[in-house]
There are 2 protein chains.
Amino acid sequence: MSILKNINKVFDHRVRLGIMSVLMTNDSLDFITLKKLLDITDGNLASHIKALEKENYIKIRKSFIGRKPNTQYSSTHLGTLEFKKHLTALEHLINIKI
Amino acid sequence: MSILKNINKVFDHRVRLGIMSVLMTNDSLDFITLKKLLDITDGNLASHIKALEKENYIKIRKSFIGRKPNTQYSSTHLGTLEFKKHLTALEHLINIKI
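Within each chain, residues carry numbers counting from 1 in the order of the written sequence. Naming scheme: in the order in which they are written, chains are lettered from A and ligands are numbered from 1. Residues qualify for local features only when their pLDDT is at least 70, as the model is predicted, and side-chain atom pairs are given and counted only at 80 or more; totals for whole chains, interfaces and linings, by contrast, use all residues. Heavy atoms throughout the structure, all of them, feed into the side-chain values; hydrogens and water do not.

S.K.: Sorry, what's going on with the overall build of chain A here?
M.R.: The numbering of helices and of strands both runs from the N terminus, where a helix is a DSSP run of H or I of at least 4 residues and a strand a run of E of at least 2. Helix and strand content of chain A: four helices and three strands. Shown N-terminal to C-terminal, the secondary structure of chain A runs as helices and strands in the order α-β-α-α-β-β-α. Relative accessible area decides the class of each residue, using a 1.4 Å probe on protein chains only: under 20% of the type maximum gives buried, over 50% gives exposed, and in between gives partly exposed. By residue count, 50% of the 98 residues in chain A fall in the buried class. At a minimum sequence separation of 6, the contacts of chain A that also span at least 24 residues come to 56%. Where the 16 positive side-chain charges of chain A centre and where its 9 negative ones centre are 2 Å apart. Two residues qualify as a contact provided that any one of their heavy atoms is within 4.5 Å of a heavy atom in the partner residue. Residues scored as charged are limited to Lys and Arg (positive) and Asp and Glu (negative), so that His and the chain ends carry no count. To locate a charge, take atom NZ for lysine, CZ for arginine, CG for aspartate or CD for glutamate.

S.K.: So what exactly am I meant to see when it comes to the sheet that holds strand 1 (residues 29–30) of chain B here?
M.R.: What holds strands together in a sheet is hydrogen bonding between their backbones, with the strands either parallel or antiparallel. Residue and element names in this part refer to chain B. Read across the open sheet, the three strands follow the order 1-3-2; overall the sheet is antiparallel. Edge positions in the sheet fall to strand 1 and strand 2 (58–65), since each of these pairs with one other strand and no more. For two strands to be treated as a pair, DSSP must find at least two bridges joining them. When strand 1 meets strand 3 (residues 68–75), the two strands line up antiparallel, connected through two bridges. Looking at the pairing, Leu29 lines up with Tyr73 of strand 3.

S.K.: Is there a simple way to explain the pattern of salt bridges in this structure?
M.R.: Side chains carrying opposite charge are able to pair once their charged atoms draw close together. All names here are of chain B. By salt bridge we mean one thing: a side-chain nitrogen of Lys or Arg within 4 Å of a carboxyl oxygen of Asp or Glu. Taken as a whole and assessed by the stated rule, the structure comprises six salt bridges over all chains. The closest approach of N and O atoms between Lys35 and Asp42, which form a salt bridge, is 2.7 Å. Looking at Lys35, the relative accessible area reads 30%, which means it is partly exposed. Between Glu82 and Lys85 there is a salt bridge, with its nearest N and O atoms 3.3 Å apart. Here the residue Glu82 and the residue Lys85 both occupy positions in helix 4 (residues 77–94), the gap between them amounting to three residues, near one helical turn.

S.K.: What is the right way to look at the UniProt feature "domain: Winged helix DNA-binding" (unreviewed entry) in chain A in this model?
M.R.: UniProt positions are given in the numbering used here, feature names are shortened, and annotations may be inferred rather than shown by experiment. As annotated by UniProt and renumbered to match this structure, "domain: Winged helix DNA-binding" (unreviewed entry) occupies residues 15–94 of chain A. Along residues 15–94 of chain A one finds 61% helix and 22% strand; the C-alpha atoms at either end are 19 Å apart.

S.K.: Got a minute to help me understand the relation of the copies chain B and chain A in this structure?
M.R.: In this arrangement, two copies of a chain are superimposed by a rotation about an axis accompanied by a shift along the axis. When the copies are superposed, the least-squares fit draws on C-alpha atoms of residues that have pLDDT of at least 70 in both. Between chain B and chain A, which share one sequence, the superposing operator has a rotation angle of 180 degrees and an axial displacement of 0.0 Å; the RMSD is 0.0 Å. Such values leave the two copies arranged in the relation of a two-fold axis. Ranked by how close their C-alpha atoms come to the rotation axis, the residues of chain B are headed by His13 of chain B, at 3.4 Å. Comparing interface residues between copies, 100% of those in chain B also sit at the interface in chain A, which points to an isologous, same-surface contact.

Spelled out as structure tokens, the structure:
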């Protein structure tokens, strides 16, 4: 049995770790805020958001603030559950004694 | 300043996290042991070892056990230093409050 067994490949990238980490302590965040926090390009952020959304780990809510479209991202129940499992597996791996 | 600022891209993959984690608590390990622990292919392990060696994060010692060649891998002083910085950055990211 691999010591990597519970590491979730979908979260195995620093940008995705960053997105999920800030969504654990914030109900939702918009694209601009995520982009500023992570300091990455629009395209880079969009591709990681798409991958997380595809797994149903994050959900997207589109609305208007005044006349301006606003897109909010938040973690789904599944996303929160799976991310916490991933963090536990990371912690186990980092502290592994063989 | 990005919340990802101290995350080390070289360690940003579960296999490399696994290699460095087990080398933190073992002076050295050989290829077969690493391969069994991580449950990955020879090629996959070799490519990640090469990337870590290129950054001088791991060192390789070749010797003979009887007539059989034996290759041992261990973390360098730099590797240990940088990996611990990476783990601190990961911990900071995972617990981030914005």
